[in-house]
Amino acid sequence: AQTVTQSQPEMSVQEAETVTLSCTYDTSESNYYLFWYKQPPSRQMILVIRQEAYKQQNATENRFSVNFQKAAKSFSLKISDSQLGDTAMYFCAFMKPLYNFNKFYFGSGTKLNVKP
Amino acid sequence: NAGVTQTPKFQVLKTGQSMTLQCAQDMNHEYMSWYRQDPGMGLRLIHYSVGAGITDQGEVPNGYNVSRSTTEDFPLRLLSAAPSQTSVYFCASSYSQGGDGQPQHFGDGTRLSIL
């Protein structure tokens, strides 16, 4: 079974600074995808970034980037120039494509608080 | 484009009552899923469906039923509510074609309290 571990239950960062959220996963699969989702207080689950395991290049989406280390099974999220609107729970997710379904496994989340 | 719509947003039940959480999507997605979110545990898969008429169990299916009569709708039924089912429930959908890494699109969640 796949497991996803987010070892930082809560983090704080000053506005405009950079913060890195960690995520590790355990799998024997070679073909998979990794995601970061953001859940603000409104409770919506918003896709932040997506990474294909077969791609060595780290995904980037504006101020959000990942450091994907496949051998180490690590998938950290870096948020640059943090903004107050980045305050949210962040979930790391592992997706295993099955022949008829894409099965997702979620970490327990990291609560990020951006301070003014 | 409404995306994934869940109703109700909040609900309080008494132990033993039954109810149905509604989920509808307008993106013509084949895959739909139900998750529950509990503090410190992330999201756990309850049931999922790969198309109309096809459902399967996730990791925490006990106490829940699902059916999928149309592509758009995927209701979750609590048969006899228990306090352990107090949680936030999310419905999600995604485009099919396993292996292409399509992300899931989530509804806004239903906060359910069982007294």
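Structure: see above.
Residues numbered from 1 in each chain as written. Chains lettered and ligands numbered in written order. Predicted model: local features only at pLDDT ≥ 70, side-chain atom pairs only at ≥ 80, totals over all residues. Heavy atoms only, no water.

**Side note on the nonpolar core**
One broad rule of soluble globular proteins: the nonpolar side chains tend to lie buried together. By size, the foremost hydrophobic cluster in this structure holds 27 residues, and its most contacted members are Y25, W36, F75, L77, Y90 and L112 of chain A. Counting only elements with at least two residues in this core, the list comes to β2 (10–14), β3 (19–21), β5 (33–39), β6 (46–52), β8 (64–69), β9 (74–79), β10 (88–97) and β12 (110–115) of chain A. Examining the composition of this core, we find that 4 residues originate from one element, β10 of chain A, more than from any other. Setting aside residues no more than four positions away along its own chain, L112 of chain A makes contact with M11, V13, V19, I79, D86, T87, A88 and Y90 of chain A. Counting residues in each nonpolar core, the second largest holds 20 residues, with M45, F91 and M95 of chain A together with V88 of chain B among its members. (Core = buried A, V, L, I, M, F, W, Y, C linked by side-chain atoms within 4.5 Å. Buried < 20%, exposed > 50% of the residue type's maximum accessible area, 1.4 Å probe, protein only. Helix = DSSP H or I, 4+ residues; strand = E, 2+ residues; numbered from the N terminus. Contact = heavy atoms within 4.5 Å.)

**With respect to the environment of Y37 of chain A**
Considering the arrangement of structural elements, one finds Y37 of chain A in strand β5. Measuring from C-alpha to C-alpha, the distance between Y37 of chain A and Y90 of chain A comes to 5.7 Å, with 53 residues separating the pair along the chain. Polar side-chain contacts of Y37 of chain A include one of 2.9 Å to the backbone oxygen of Q104 of chain B. (Polar contact = N/O pair within 3.5 Å; in protein donor to acceptor, adjacent residues only side chain to side chain.)

**Looking at the state of the cysteines**
Overall, the coordinates contain 2 disulfides over all chains when judged by the stated rule. The disulfide that involves C23 of chain A links it to C92 of chain A, with 2.0 Å between the sulfurs. Because the sign of the S-S torsion sets the handedness, a value of about -70 degrees for the bond joining C23 of chain A and C92 of chain A places this disulfide among the left-handed ones. Separated by 69 residues along the polypeptide, C23 of chain A in the loop between β3 and β4 (24–26) and C92 of chain A in strand β10 bring together distant segments of the chain. Both residues of the pair, C23 of chain A and C92 of chain A, count as buried. The disulfide partner of C23 of chain B is C91 of chain B, and the gap between their sulfur atoms is 1.9 Å. Sign of the S-S torsion, about -70 degrees for the bond between C23 of chain B and C91 of chain B, identifies this disulfide as left-handed. Of this pair, C23 of chain B sits in strand β3 (residues 19–25) while C91 of chain B sits in strand β9 (residues 87–94), and the two are 68 residues apart along the sequence. For the pair C23 of chain B and C91 of chain B, a shared accessibility class is recorded, and that class is buried. (Disulfide = S-S within 2.5 Å.)

Geometric values such as these leave the question of function open.
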